[in-house]
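A structural walkthrough
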Amino acid sequence: KDILKMVDLEFMRPGEADFLEVLEPRQRTLVMMHTACSCTLYGLQQNQVAPVMIREVMQRLTKCKSHQLQLLDTVNSPMPFQYIHLLSVLTIFVSAILGVCMGICDS
């Protein structure tokens, strides 16, 4: 499993892997991102980085977490990914056609 691979690569200790193994994937993502944010914030503060830069880094990490959770939601969706993609393309296409039609027609 991926968690055991992280232990083999010494990215985490066996106790940490045991803790993460019982969590749901969404909870695991939140715990790991919280840990990454805490470590990053501590390192930036220790190196006396400007508050503006700290805020920028934390916003990027938060955005990364948001994208990870969106991916997780998409993967766990009951509808196959291909249909979600097709539906989003059709929605954009219909919206574009309606916009063009409304622009051409007099009202």
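Our subject in this report is the structure included herewith. Note that the structure is a prediction, hence the values are computed from the model and not measured. (Residues numbered from 1 in each chain as written. Predicted model: local features only at pLDDT ≥ 70, side-chain atom pairs only at ≥ 80, totals over all residues. Heavy atoms only, no water.)

Focus on the pattern of salt bridges
- By the definition in use, this model includes three salt bridges.
- When the shortest N-O distance is used, the salt bridge between arginine 13 and glutamate 16 registers 3.4 Å.
- When its relative accessible area of 35% is taken as the criterion, glutamate 16 is described as partly exposed.
- The salt bridge partner of arginine 60 is glutamate 56, with a shortest N-O separation of 2.8 Å. Here glutamate 56 and arginine 60 lie together in helix α4 (residues 51–75), a separation of four residues that amounts to about one turn. (Salt bridge = Lys/Arg side-chain N within 4 Å of Asp/Glu carboxyl O. Buried < 20%, exposed > 50% of the residue type's maximum accessible area, 1.4 Å probe, protein only. Helix = DSSP H or I, 4+ residues; strand = E, 2+ residues; numbered from the N terminus.)

Considering unusual backbone geometry
- Although it is not a glycine, glutamate 10 adopts a positive phi angle of roughly 65 degrees.
- Along the chain, the position of glutamate 10 falls in the loop between α1 (2–8) and α2 (14–21).
- A relative accessible area of 71% means that glutamate 10 is categorised as exposed.
- Residue glutamine 48 is not a glycine yet carries a positive backbone phi of 50 degrees.
- Take glutamine 48: it is sitting in the loop between α3 (25–46) and α4.
- Residue classification places glutamine 48 among the exposed residues on the basis of a relative accessible area of 72%.

A closer look at the packing of α2 against α3
- Running from N to C, α2 and α3 cross one another at 140 degrees; their axes reach a closest spacing of 9 Å. Looking at the two axes, α2 sits oblique to α3. Facing α2, whose interface residues are Phe19, Leu20 and Glu21, α3 presents Arg28, Val31 and Met32. (Axes fitted to C-alpha atoms, helices over the stretch in contact; angles between N-to-C directions. Parallel < 35°, antiparallel > 145°, perpendicular 65-115°, else oblique. Contact = heavy atoms within 4.5 Å.)

Quick word on a nonpolar patch on the surface
- On the surface, Met79, Tyr83, Leu86, Leu87 and Leu90 cluster together into a nonpolar patch covering about 500 Å² of accessible area.
- With respect to the element layout, leucine 90 can be found in helix α5 (residues 81–104).
- Judged by relative accessible area, leucine 90 falls into the partly exposed class, the value being 44%. (Patch = residues over 30% accessible without salt bridge, like charges linked within 9 Å, V, L, I, M, F, W, Y side chains within 5 Å. Areas by Shrake-Rupley, 256 points an atom, 1.4 Å probe, with all protein chains shown as cover.)

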